[in-house]
Amino acid sequence: MSGRVVVVTGAFGALGQAVVKGLSEDGNRVVAVDHASTAPEGLAGLRAMGGVDLADAAQARQVLEAVAGDFGGIDALVNVAGGFVWETVDGHSNESWERMHTLNLMTALNASRAALPWLVQSAHGRIVNIGAKGALAAATGMGAYAASKAGVHRLTEALAEEYKGRVTVNAVLPSIIDTAANRRDMPDADWTNWVTTDELAAVIAFLVSPQASGITGALIPVTGRV
């Protein structure tokens with residue numbers, strides 16, 4: 001995979017950093033994009049673009065165009081950008097539903113649309129989205145999050161059909177990801193059952209690779225031991 005240009009959104013977070021590191025170690029030229037303004041120390045020495053609001057379609061297009069101009073194209077896009085909220089449906093505001101829709105679905109849609117003109121020119125054009133096991137059957141408090149991630153699943157399938165034979169589009173569906181933030185939020189849970197960021201990153205790296213050319217439209221559970 002040496003020299004392929006891969007854009008990772010949400011790259012400054014725990015999963016994003018693991019994906020960036022794994023793809024970089026495989027010899028890809030990785031561009032780390034995030035809404036946060038400052039890249040973490042773990043991405044030192046890598047190409048990072050902070051302060052990017054992918055919920056803004058024009059800004060997403062501008063950033064992807066800049067990447068393609070600098071590197072001569074884009075071969076793959078990994079849409080890690082997103083967010084989570086726990087809130088029951090009987091809340092008195094739509095704010096959480098709108099926020100989840102924007103953070104999880106619209107960022108993936110905008111980044112994908114912006115990258116596709118270059119992905120179709122690549123010999124191995126790839127999009128990998130982050131869905132969620134919890135979107136297959138929403139539990140209490142998961143309505144807004146699950147609905148937005150279900151939208152990511154349907155977006156994945158639609159793009160896979162529309163670009164079949166030109167770009168593969170797949171999604172991984174994690175359960176609870178073993179991150180410092182999740183450990184803080186669930187201190188009494190058995191963390192050993194959770195899927196690790198490295199486990200997810202390894203599956204994503206395969207889906208980005210030329211060896212995954214026969215896989216498109218797949219929603220792949222990566223759930224650890226949950």
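A brief look at the structure comes next. (Residues numbered from 1 in each chain as written. Predicted model: local features only at pLDDT ≥ 70, side-chain atom pairs only at ≥ 80, totals over all residues. Heavy atoms only, no water.)

Remarks on the packing of helix 3 (residues 95-119) against helix 4 (residues 143-162)
Look at helix 3 against helix 4: their axes get within 7 Å of each other, and the N-to-C directions meet at 20°. With respect to helix 4, the element helix 3 is oriented roughly parallel. Classified by chirality, the crossing of helix 4 by helix 3 is right-handed. When helix 3 is examined against helix 4, the residues Ser-96, Trp-97, Met-100, His-101, Asn-104, Leu-105, Ala-108, Leu-109, Ser-112 and Leu-116 are found in contact with a partner set consisting of Gly-143, Ala-144, Tyr-145, Ala-147, Ser-148, Lys-149, Gly-151, Val-152, Leu-155 and Leu-159. (Axes fitted to C-alpha atoms, helices over the stretch in contact; angles between N-to-C directions. Helix = DSSP H or I, 4+ residues; strand = E, 2+ residues; numbered from the N terminus. Parallel < 35°, antiparallel > 145°, perpendicular 65-115°, else oblique. Left-handed = near helix turned anticlockwise from the far one by under 90°. Contact = heavy atoms within 4.5 Å.)

Re the pairing of strand 4 (residues 76-79)
Of the two faces of strand 4, the one lined by Ala-76 and Val-78 and the one lined by Leu-77 and Asn-79 are each fully buried. In the sheet, strand 1 (residues 5-9) pairs with strand 4 via four bridges, with the strands oriented parallel. What sits directly across from Thr-9, in strand 4, is Asn-79. Bridge count between strand 4 and strand 5 (residues 125-130): four bridges; the pairing is parallel. (Buried < 20%, exposed > 50% of the residue type's maximum accessible area, 1.4 Å probe, protein only. Pairing = 2+ DSSP bridges.)

Structural notes on the nonpolar core
Among the nonpolar cores identified, the biggest contains 31 residues, and Val-7 and Ile-127 are the most heavily contacted of them. Elements that contribute at least two residues to this core include exactly strand 1, strand 2 (29-33), helix 2 (57-71), helix 3, helix 4 and strand 6 (167-174). In this view, Val-7 contacts Val-31, Val-33, Leu-64, Val-67, Ile-74, Ala-76, Leu-77 and Val-78; residues no more than four positions away in its chain are not counted. The next biggest cluster of nonpolar side chains, apart from the first, holds 27 residues, and it includes Ala-11, Leu-15, Val-20 and Ala-201. (Core = buried A, V, L, I, M, F, W, Y, C linked by side-chain atoms within 4.5 Å.)

Brief notes about the packing of helix 2 against helix 3
A packed helix pair is summarised by two numbers, namely the angle formed by the two axes and the spacing between the axes. Contact geometry of helix 2 with helix 3 gives a least axis separation of 8 Å together with a crossing angle of 35°. Considering only the axes of helix 2 and helix 3, their crossing is right-handed. Taking contact as the criterion, the partners of Ala-57, Ala-60, Arg-61, Leu-64, Glu-65 and Ala-68 in helix 2 are, on helix 3, Asn-110, Ala-111, Ala-114, Ala-115 and Trp-118. Split by residue class, the contact of helix 2 with helix 3 holds eight nonpolar, one polar and two charged. (Nonpolar A, V, L, I, M, F, W, Y, C, P; charged D, E, K, R; others polar.)

Quick notes on helix 3
A rise of 1.5 Å per residue sets the reference length of helix 3, with its 25 residues, at 36 Å; its end C-alpha atoms lie 34 Å apart and thus fit the reference within 8%. Along its length, helix 3 reaches its greatest deviation from straightness, about 35°, at Met-106. (Expected span 1.5 Å × (residues − 1). Bend = angle between axes of the 7 residues up to and from the residue.)

Quick word on the pattern of salt bridges
Note on pairing: side chains with opposite charge can pair once their charged atoms come close. Taken as a whole, this structure holds five salt bridges when the rule is applied. Residues Lys-164 and Glu-161 are paired through a salt bridge, measuring 3.0 Å at the closest nitrogen-oxygen approach. (Salt bridge = Lys/Arg side-chain N within 4 Å of Asp/Glu carboxyl O.)

Digging into the side chain of Asn-110
Assignment of secondary structure puts Asn-110 in helix 3. Its relative accessible area of 6% is what places Asn-110 among the buried residues.

So, the sheet that holds strand 5
Strand pairing in a sheet takes place through backbone hydrogen bonds and is either antiparallel or parallel in direction. Across the sheet, which stays open at both edges, the seven strands sit in the order 3-2-1-4-5-6-9 with parallel pairing between neighbours. Looking at strand neighbours, the two that pair on one side only are strand 3 (47-49) and strand 9 (219-222), the edges of this open sheet. Across this sheet, the average inter-strand angle for adjacent strands is 20°, counted without regard to direction. Here six bridges tie strand 5 to strand 6, and the two strands are oriented parallel to one another. Within the sheet, the bridge partner assigned to Arg-126 lies in strand 6 and is Thr-168. Helix-sheet contacts for helix 1 (residues 14-25) involve strand 1, strand 2, strand 4 and strand 5, and the interaxial angle to strand 1 is about 170°. Docked against the sheet, helix 3 engages strand 1, strand 4, strand 5 and strand 6, running at close to 175° with respect to strand 4.

None of this, on its own, says anything about what the molecule does.
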